[in-house]
Amino acid sequence: MNSINPKNEYVPLSVNISLRRDTLRLLYQIASDMGISINEVLSFLAEDSVIDLELDEELKEIEIPDKCSLDELKDAIMKRKII
């Protein structure tokens, strides 16, 4: 993945995740088809999911709580008119 920030560098991160067998099978198939490891697939997916977040200035104003109720989440979404 290319970053717009030239000071960015890849940092190794060991993570334990739990996946359903079907999900793992799909990730394995994707990795196999691409000729890369499952770790690389997960890395690409993680980077792809957040790559544009640092470009959005409005996100700097968003506070992410440690936890919230479903009603609090709905209220926050409605206030931001995300949906």
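Residues numbered from 1 in each chain as written. Predicted model: local features only at pLDDT ≥ 70, side-chain atom pairs only at ≥ 80, totals over all residues. Heavy atoms only, no water.

Some words on the overall build of the protein chain
When helices and strands are counted, the protein chain shows three helices and zero strands. Among the 83 residues that make up the protein chain, the fraction classed as buried is 4%. (Helix = DSSP H or I, 4+ residues; strand = E, 2+ residues; numbered from the N terminus. Buried < 20%, exposed > 50% of the residue type's maximum accessible area, 1.4 Å probe, protein only.)

What about the pattern of salt bridges?
Applying the stated criterion across every chain, the model contains one salt bridge. Across the pair Asp22 and Arg25 runs a salt bridge, and its minimum N-O distance is 2.9 Å. Of this pair, Asp22 and Arg25 both sit in helix H1 (residues 21-34), separated by three residues, roughly a single helical turn. Overall, Arg25 belongs to the exposed group, its relative accessible area being 53%. (Salt bridge = Lys/Arg side-chain N within 4 Å of Asp/Glu carboxyl O.)

Observations regarding the packing of H1 against helix H2 (residues 38-50)
A pair of packed helices can be characterised by two numbers: the angle between their axes and the separation between those axes. In contact at an axis separation of 8 Å, H1 and H2 are set at 100° when each is read in the N-to-C sense. Our classification of the angle between H1 and H2 gives roughly perpendicular. Of the residues in H2, those touching H1 at Leu24, Leu27, Tyr28, Ile30 and Ala31 are Ile38, Val41, Leu42 and Leu45. Tallied by class, residues from the contact of H1 with H2 come to nine nonpolar, no polar and no charged. (Axes fitted to C-alpha atoms, helices over the stretch in contact; angles between N-to-C directions. Parallel < 35°, antiparallel > 145°, perpendicular 65-115°, else oblique. Contact = heavy atoms within 4.5 Å. Nonpolar A, V, L, I, M, F, W, Y, C, P; charged D, E, K, R; others polar.)

Some details on the environment of Ile36
Relative to the helices and strands, Ile36 resides in the loop between H1 and H2. Exposure remark for Ile36: the relative accessible area of 23% places this residue in the partly exposed category. With residues near it in sequence (within four places) discarded, Ile36 still touches Ala31, Val41 and Phe44.

Notes on a nonpolar patch on the surface
The grouping of Leu13, Val15, Ile17, Leu19 and Leu24 at the surface amounts to a nonpolar patch, some 490 Å² of accessible area in total. Mapped onto the secondary structure, Leu13 falls in the segment before H1. (Patch = residues over 30% accessible without salt bridge, like charges linked within 9 Å, V, L, I, M, F, W, Y side chains within 5 Å. Areas by Shrake-Rupley, 256 points an atom, 1.4 Å probe, with all protein chains shown as cover.)

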